[in-house]
Every structure is written in C-alpha cells, then in structure tokens.
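Each chain, letter by letter, is given below.
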Amino acid sequence: MNILCLGAAGFIGSHLTGRLLSEGHNVVAVDYYDDKIKEWIGHKQLTVIKQDIREETWGLSELVQESDLIIDLIAYANPGLYVKIPLEVFRLNFTENLKIAQICQKFNKRLIQFSTCEVYGKTPTSILNGHILDPDNPSYAKFGEDTTNFILGPVNKHRWIYACAKQLLERVLHAYGIEHEFNYTIIRPFNFIGPRIDYLLNETDGVPRVFSFFMDALLNGTQMKLVGGGHHRRCYTYIDDAIEAIYRIVMNPNGVCDREIFNVGSPENEISIRDLANTMRDIYSQEFRQDGIPLPEIVDVSPEEFYGKGYEDSDRRIPDITKAQTLLGWEPKWDTVNTVKTTMSYYVHEYRDLYEDQLWKHDIFQKALTSE
Ligand code: NAD
Ligand code: UGA
C-alpha cells in the first residue's frame, strides 16, 4: 500500500513507520522533525517530508490523492501542554486535524485517526465522591468504545480541552461516515510506553509524560514527584503490543475496521502512579544503578504546583478490548514490569552519557569534592 503517515516521527509514528516499511509498504512520512526515524532515512520505500502542517498550502491534497491510506497521529499529546497552551491544543488537535479529515473525505480515502482514551474522562467513582457502593470495582473504570458515557470536568479545568477536541473530532468523523459514507477508523490508545516515548527534560523545555519525568529523575538523581499523591491509575501498554494492534487495523481484514472505534490497551497492566514510581525506582536500583549515585526521593506535590492552574486528572481507565480481540484476533502480551524495564533500558543506554556531566553537580559529589 501507499501510506501517508502524518506525525510519523513521533513516538507511535516512529515505531509504526518501521513496521510499515518492514511489511513492504511505501510510506510518506510527514512531521516537523525526523530524528526519531533517522534509522530508516534512505530506505527506498520511505519519503520524508519535514513540514509544519499548520502552514496554509503545502501539498496535502496531492499527497492524499496519491495514497491508499492516511494515518493521522499529529497532536499535542502531553498534559503539561493542555494547561499551558490550550488554544494551540484546540487548533492543532481539532481544527488542523479536521482539515486532514475533510481532504480524505473529499478524495474518498480511508483515514485512521488517532484519538485518545482521555475522551472517556473520569470514572463515576470520582464524581460521586464516595457515595457509591464498592467504589474500587473495576467495572466503573472499564471503558467500552460504543457504550461508555464521557465524563469531563468543568471548563475552568482546561486540561480537558485535549479530550474535548479529540472527542469533537471523533463525532465529526462519525457524522461524515453517516452523511457521506466516509471510511475512517478511530484508535483510542491507552498509555503506550516504550523507547522514544518522549525526550527527557534536559533536552527540551517541553513537558513529557510521567514515564519520562521519572526516568529523568532516576538518571539525574532528582526527586520523583507524585502529583496529588500518585493514587491515580493507568494501564500501561508496551509499544510492540500497540503496533501489532495498529498494524491489524491498517490491514483491515474484510473491512472489519470500517467506521469503527478501537480501544488499544492492556487491561491487565493497571498500576497506580505511586506504584509506578516505586517499581521504576526498584528496577533502576537492581538493574541500572551506578555505584555511589543516590536513588531519588519520592515526594508528593499538588497538581497546581506541578502543572499550574486548570489541571484535573483522569482517575482511572481500563480498556475494554473485546472489540480488538474479536475483530482483529489481537491480544496484548507484555506485562507491566517487562514493559517498564524494557523502556527504562532504552533510556539508560541512550541517555546515561548525556547525564554524566550533570551527575557530577549532584550534592554527594560536590560534598566529596569539597571535603577532599
Ligand atoms: P508524539 O508527540 O510523540 O507524536 C506527535 C508527532 O506529531 C510528533 O512527532 C510531532 O513532531 C508531530 N507534530 C506535532 N505538531 C505538528 C505540526 N504542526 N506539523 C507537523 N508535525 C507535527 O505523540 P504520540 O505519543 O506518538 O501520539 C500520537 C497520537 O496518538 C496523538 O494523536 C496522540 O494524541 C495519540 N495518543 C497517544 C497516546 C500514547 O500513549 N502515546 C495515548 C493517547 C493518544
Ligand atoms: C496522557 C496524555 O494525555 C496523552 O498522551 C494520552 O492521551 C494519554 O496519556 C495516554 O497515554 O493514553 P496521562 O496518562 O494523564 O495522559 O499523562 P501522564 O503525563 O503520563 O500522567 C500520568 C499520571 O501521572 C497523571 O496522574 C499525572 O498527574 C501523574 N504525574 C505526571 C506524576 O505523578 N508525576 C509526574 O512527574 C508526571
């Protein structure tokens, strides 16, 4: 197939690009950057276009017409940004993505649109403030693609602009499907992690996701911060499992994915953020720690202190993956510890040298130097 992959050099996009090329597809990769796909640059079936898709005219219509399938991964996908630049989040994640969908619809091309598990928002347990029987029952947090209601916070908790923009885009695609027989598939990822998930803090002034905050703290010897006590829970999905599901959606056997929404996630891998911090610290201590470098403290911080005003969180989310199991024959295979350990191993080997200089600035080394 000729596949146009927008956001191909991001975390998911880079793994997907590798898989598509290895399966013999021709890939046109569009992204601002290309460093996460550098190992494939020069591959004869890959064309890389470094492009900001927000520019007025840059040839999207032509690229869409030349493709059999369009995959759209472009978005701001880190919660720190939803709070800092909500208007840009709305613009990129809704307005710009809608333009892509409209061009696909115009030329009658199939679109795979990346949405998010954040569309589900919060659980009934979180809003009923304890007035619910058996509040920890996982059924309150098990989200199904076509049946679960969405519960988002108030407008002044503007973190929800991300979920809301993605939800609105999903609704518009659905409407195009009904009114114009537009063929789309929506994917709702549940916390994928793996190599290249985010840049670490020292490389950018960006705001990565929690894995990268914790990894940075471990490599740098600084505090691991638990926002609001770290009691919120996530189901971490290893990127290889995720790519297997996505590839099956790409291949769309007998059209089973036409106008469908798929949760992609590992329901068995639920863990609280506090337990994630402890697990990562234990793994680091056992597998990767260098002599003499202290393990970071794990501390509590308030959401406002960490993210600023307007932050609110999803308390818990467990994917119901019955649809992917039934229609695609897909099963996630990676457990939480191996998912986290393999991802950590990548970062330790990629980044340790970069951090060496900074470690010398750490208190214990400074104390040792000054006492000599
Ligand atoms: P990512 O940030 O790594 O990838 C997004 C890519 O889009 C980046 O490479 C970025 O450079 C590119 N991009 C952003 N703005 C652009 C612009 N104006 N022009 C050109 N390129 C631009 O994120 P990801 O984790 O790979 O997520 C991919 C998609 O999946 C997103 O739509 C995200 O909302 C969704 N998603 C991801 C997860 C996850 O677990 N990683 C979970 C839920 C939803
Ligand atoms: C993220 C993003 O919204 C999207 O990329 C995506 O839709 C979704 O993940 C996903 O991957 O499925 P979230 O899980 O809230 O959402 O993002 P993280 O930044 O990884 O935060 C996870 C939890 O850790 C939150 O409760 C957050 O408050 C907490 N956190 C974050 C900490 O306790 N400490 C930190 O240093 C960073």
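The structure we're discussing is the one just above.
Because the structure is a prediction, the values reported are computed rather than measured. (Residues numbered from 1 in each chain as written. Chains lettered and ligands numbered in written order. Predicted model: local features only at pLDDT ≥ 70, side-chain atom pairs only at ≥ 80, totals over all residues. Heavy atoms only, no water.)

Undergrad: Help me understand the site of ligand 1 in this model?
TA: The local shell around ligand 1 holds 26 residues, among which Phe11, Asp31, Tyr162, Lys166 and Phe192 are the closest. In the environment of ligand 1, a nitrogen atom lies 3.5 Å from a nitrogen or oxygen atom belonging to the backbone of Gln51. In the environment of ligand 1, an oxygen atom lies 2.9 Å from a nitrogen or oxygen atom belonging to the side chain of Arg209. When isolated, ligand 1 has an accessible area of 820 Å², and the protein chains bury 93% of it. (Near = heavy atom within 4 Å. Polar contact = N/O pair within 3.5 Å; in protein donor to acceptor, adjacent residues only side chain to side chain. Areas by Shrake-Rupley, 256 points an atom, 1.4 Å probe, with all protein chains shown as cover.)

Undergrad: Would you mind going over the environment of Met215 with me for this structure?
TA: Examined against the element boundaries, Met215 turns out to sit in helix 7 (residues 210–220). On the basis of relative accessibility, which here comes to 0%, the residue Met215 falls in the buried class. In this structure, the C-alpha to C-alpha distance between Met215 and Tyr284, residues 69 residues apart in sequence, is 9.2 Å. Setting aside chain neighbours within four positions, we find Met215 in contact with Leu200, Met280, Tyr284, Met344, Tyr347 and Val348. (Helix = DSSP H or I, 4+ residues; strand = E, 2+ residues; numbered from the N terminus. Buried < 20%, exposed > 50% of the residue type's maximum accessible area, 1.4 Å probe, protein only. Contact = heavy atoms within 4.5 Å.)

Undergrad: Could you clarify how one ought to interpret the nonpolar core in this entry?
TA: The nonpolar side chains of soluble globular proteins are, as a tendency, buried together. One finds Ile71, Met215, Met280 and Met344 to be the most contacted residues of the largest nonpolar core, which totals 63 residues. Sequence-distant contacts of Met344, that is, excluding residues within four places in its chain, are made with Phe211, Met215, Leu218, Met280, Ile283, Tyr284 and Phe288. (Core = buried A, V, L, I, M, F, W, Y, C linked by side-chain atoms within 4.5 Å.)

Undergrad: Would you mind showing me how to read unusual backbone geometry here?
TA: One can expect most non-glycine residues to show negative phi and most peptide bonds to be in trans. With a phi close to 40 degrees, Asn191 is a non-glycine residue in the positive phi region. With respect to the helices and strands, the residue Asn191 is situated in the loop between strand 7 (184–189) and strand 8 (192–193). Located in the positive-phi region is Asn252, a residue other than glycine, with phi close to 50 degrees. Counting through the fold element by element, Asn252 comes out in the loop between helix 8 (239–251) and strand 12 (260–264). Since its relative accessible area comes to 13%, Asn252 is described here as buried.

Undergrad: Honestly, the site of ligand 2 in this entry has me stumped. Any pointers?
TA: Near ligand 2 there are 26 residues, and of these Ala77, Thr116, Asn191, Lys225 and Asp313 occur at the shortest range. Note that an oxygen atom of ligand 2 is positioned 2.5 Å from one of the side-chain N or O atoms of Thr116. When ligand 2 is considered free in solution it has 710 Å² of accessible area, and contact with the protein chains removes 96% of it. Put simply, the parts of the chain that give the shell around ligand 2 at least two residues each are helix 3 (79–84), helix 7, strand 9 (224–227) and helix 10 (303–307). Grouping the constituent residues of the shell around ligand 2 by class yields 16 nonpolar, three polar and seven charged. (Nonpolar A, V, L, I, M, F, W, Y, C, P; charged D, E, K, R; others polar.)

Undergrad: What is the right way to read the sheet that holds strand 5 (residues 110–114) from this model?
TA: Pairing between the strands of a sheet comes from backbone hydrogen bonds, and it takes one of two forms, parallel or antiparallel. Here seven strands make up an open sheet; going across it, the order is 3-2-1-4-5-7-12 and the pairing parallel. Looking at which strands have only one partner, the edges of the open sheet turn out to be strand 3 (46–50) and strand 12. Strand-to-strand twist of the sheet, defined as the mean angle between neighbouring strand axes without regard to direction, takes the value 15 degrees. Examined bridge by bridge, strand 1 (residues 2–6) and strand 2 (residues 26–31) share five bridges and lie parallel to one another. Considered in strand 2, the bridge of Leu4 is made with Val28. Sheet strands touched by helix 4 (residues 86–106): strand 1, strand 4 (69–72) and strand 5. Its angle to strand 4, the strand with the most contacts, is close to 170 degrees. (Pairing = 2+ DSSP bridges. Axes fitted to C-alpha atoms, helices over the stretch in contact; angles between N-to-C directions.)

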